[in-house]
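Chain by chain, the residues:
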Amino acid sequence: MKPEPPAPITWRFSERAVQMQSSFIREILKITQRPEIISFAGGLPAADTFPVEEMKAAFDKVLTDSGKVALQYGPTDGFLPLREWIADSLSTNGCTIAPAQVLMTSGSQQALDLLGKVLIDEGSRVLVETPSYLGALQAFSVYRPQFVSVATDDDGLVPDSVENVATGARLLYALPNFQNPTGRSLSLPRRRELVETCARHNVPLIEDDPYGALSYQGAPLPKMLNMHPGGVIYMGSFSKVLTPGIRLGYVVAPLPLLRRLELAKQAADLHTSQLTQMAVHEVIKDGFLGRHIPTIRALYAERCQAMLNAMAASFPAGVSWTRPEGGMFIWVTLPAHIDAMQLLDQAIGARVAFVPGAPFYANAPETNTLRLSFVTVSPERIREGIAILGTLIAALA
């Protein structure tokens, strides 16, 4: 007689694992894979901009010329020529960044996780914008902080709102350029004031900058890193200017912090792919991004304007929205009685998707908000989808 198989394991998960939640955006993206859906949901760069041939040639060259090195384990902090390129590109406005201050990561999401691991204890006070990037809230929440929301307006984060909550905070997390989800940018006077405020209260300031190169005018504002390299942690990524599939980001930090981040990364994955780093360096080392990024800006500016025009034509009175000068997102505020989550159910039934705004709030979500991403949708489909949304909103107004 065949013996009975052992009973299945009864899993006992850690408290940290039990509290983890799936990204709301990732769940929506499962729906938007259907070809009939006009999706304004994902924060995905336009695949039309991916430099496929350049990447292919770079991987071929690296494997041909340096294959044994590229396929070997690499240093935890990353491929030195690429770190040198990053440090040089960030050494502006009289500020010199050393390659030793640069740590390569497996996408900027890993940088967020490492920063949370190194800087946050359970109950630590973490300051975030209102609203803030969902991926950062998700990464930091694993370490069970106390999120404190700071105010924002059309000029970005309000530095005065930091003053009364900064004492004892472990960090302040901000996206100053074309913020995800609102598309807003932090004005130059506010950048200076925010840097001064955080320095005065001894609060590390995280400057997450995945969209800074995507200014439609081609002239991004100065980085806060260059205003105070001893107190600002800078995060960058190649996802929006090359391709997200390579999962390559970086963090720039003062050396005492960087050494701790390096130890945390050793425990996580030893190092980021040496082959990928070498191929990316091969692509960008001779000025490719200076030629490539303007084509991304032009495409995104065209699609942003198409959406703004469509909203002006189709959205009813009582709806307002941001007017970004770069990046990938528009933030919409509906009349107070309309719940964007309920609107989403109706919109998906009408073949349109977006992201409700509530998940982007660490505290007190505003349920009458939503995020629209325009960069992966043609102007014709933008007009069609926005017209459908306008009809649905008008019926609820």
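Before reading on, note that the structure itself is shown above.
Residues numbered from 1 in each chain as written. Predicted model: local features only at pLDDT ≥ 70, side-chain atom pairs only at ≥ 80, totals over all residues. Heavy atoms only, no water.

Q: What am I meant to see in the pairing of strand β9 (residues 232-237) here?
A: A regular strand carries its side chains on alternate faces of the sheet. With respect to burial, β9 is a largely interior element, six of its six residues being buried. With burial as the criterion, each face of β9 is covered, one bearing Val232, Tyr234 and Gly236 and the other bearing Ile233, Met235 and Ser237. Here strand β8 (residues 205-208) runs beside β9; their pairing, made up of four bridges, is parallel. Pairing of Ile206 across the sheet is with Ile233, part of β9. Pairing between β9 and strand β10 (residues 249-252): four bridges, direction antiparallel. Looking at the pairing, Tyr234 lines up with Val252 of β10. (Buried < 20%, exposed > 50% of the residue type's maximum accessible area, 1.4 Å probe, protein only. Helix = DSSP H or I, 4+ residues; strand = E, 2+ residues; numbered from the N terminus. Pairing = 2+ DSSP bridges.)

Q: Help me out: how do you make sense of the sheet that holds strand β12 (residues 329-333) in this one?
A: What holds strands together in a sheet is hydrogen bonding between their backbones, with the strands either parallel or antiparallel. The antiparallel open sheet is built from four strands, whose spatial order is β11-β12-β15-β14. Among the strands making up the open sheet, the edge pair consists of β11 (320-321) and β14 (355-356). Pairing of β12 with strand β15 (residues 369-373) involves five bridges; the strand directions are antiparallel. Within β15, the position partnered with Val332 by the bridge is Leu370. On top of the sheet, helix α12 (residues 288-314) reaches β11, β12 and β15; it is set at about 20° to β12, its chief contact. (Contact = heavy atoms within 4.5 Å. Axes fitted to C-alpha atoms, helices over the stretch in contact; angles between N-to-C directions.)

Q: Even after reading the chapter, I still don't get the nonpolar core, so can you show me in this structure?
A: Generally speaking, soluble globular proteins have nonpolar side chains that are buried together. Phe40, Phe140, Val332, Leu372 and Ile386 are the most contacted members of the largest nonpolar core, which totals 71 residues. It is α12 that contributes the most residues to this core, nine residues altogether. Ranked by size, the runner-up nonpolar core spans 49 residues in total, among them Phe79, Val165, Ala174 and Ile293. (Core = buried A, V, L, I, M, F, W, Y, C linked by side-chain atoms within 4.5 Å.)

Q: How do you make sense of helix α8 (residues 188-200) when you look at a structure like this?
A: An α-helix turns once every 3.6 residues. As a result, residues three or four positions apart point the same way. Counted at 1.5 Å a residue, the expected span for α8 with its 13 residues is 18 Å, and the 19 Å between its end C-alpha atoms agrees. Every buried residue of α8 is accounted for by Arg190, Arg191, Leu194, Val195, Thr197 and Cys198. Viewed end-on, α8 has its buried residues packed into an arc of 165°, placing them on one side of the element. The exposed residues of α8 that point more than 90 degrees off its buried face are Pro189, Glu196 and Arg200. (Expected span 1.5 Å × (residues − 1). Arc of directions from axis to C-beta.)

Q: Got a minute to help me understand the pattern of salt bridges in this structure?
A: Taken as a whole, this structure holds 16 salt bridges when the rule is applied. Taking the shortest distance from any N to any O, the salt bridge between Arg303 and Asp48 comes out at 4.0 Å. Taken together, the residues Arg303 in helix α12 and Asp48 in the loop between β1 (38-39) and α3 (52-70) connect sequence positions 255 residues apart. You can call Arg303 buried: its relative accessible area is 10%. (Salt bridge = Lys/Arg side-chain N within 4 Å of Asp/Glu carboxyl O.)

Q: Help me out: how do you make sense of the packing of helix α13 (residues 340-349) against helix α14 (residues 379-396) in this one?
A: The description of two packed helices rests on the angle between their axes and on the distance between the axes. The N-to-C vectors of α13 and α14 enclose an angle of 135°; their axes lie 10 Å apart at closest approach. It follows that α13 is oblique to α14 by the angle criterion. Viewed along their axes, α13 and α14 form a crossing whose handedness is right-handed. Only Leu389, Leu392, Ile393 and Leu396 of α14 make contact with α13, whose side of the interface consists of Leu343, Gln346 and Ala347. Of the residues contributing to the contact of α13 with α14, the split by class is six nonpolar, one polar and no charged. (Parallel < 35°, antiparallel > 145°, perpendicular 65-115°, else oblique. Left-handed = near helix turned anticlockwise from the far one by under 90°. Nonpolar A, V, L, I, M, F, W, Y, C, P; charged D, E, K, R; others polar.)

Q: Please explain unusual backbone geometry as it appears in this structure.
A: Most of the time, phi is negative for any residue but glycine, and the peptide bond is trans. Residue Thr130 is joined to Pro131 through a cis peptide bond whose omega torsion reads -5°. Relative to the helices and strands, Pro131 resides in the loop between β3 (125-129) and α6 (134-141). Positive phi outside glycine occurs at Arg247, with the angle close to 50°. Mapped onto the secondary structure, Arg247 falls in the loop between β9 and β10. For Arg351, which is not a glycine, the phi torsion comes out positive at approximately 75°. Within the element layout of this structure, Arg351 appears in the loop between α13 and β13 (352-353). Residue classification places Arg351 among the partly exposed positions, given a relative accessible area of 33%.

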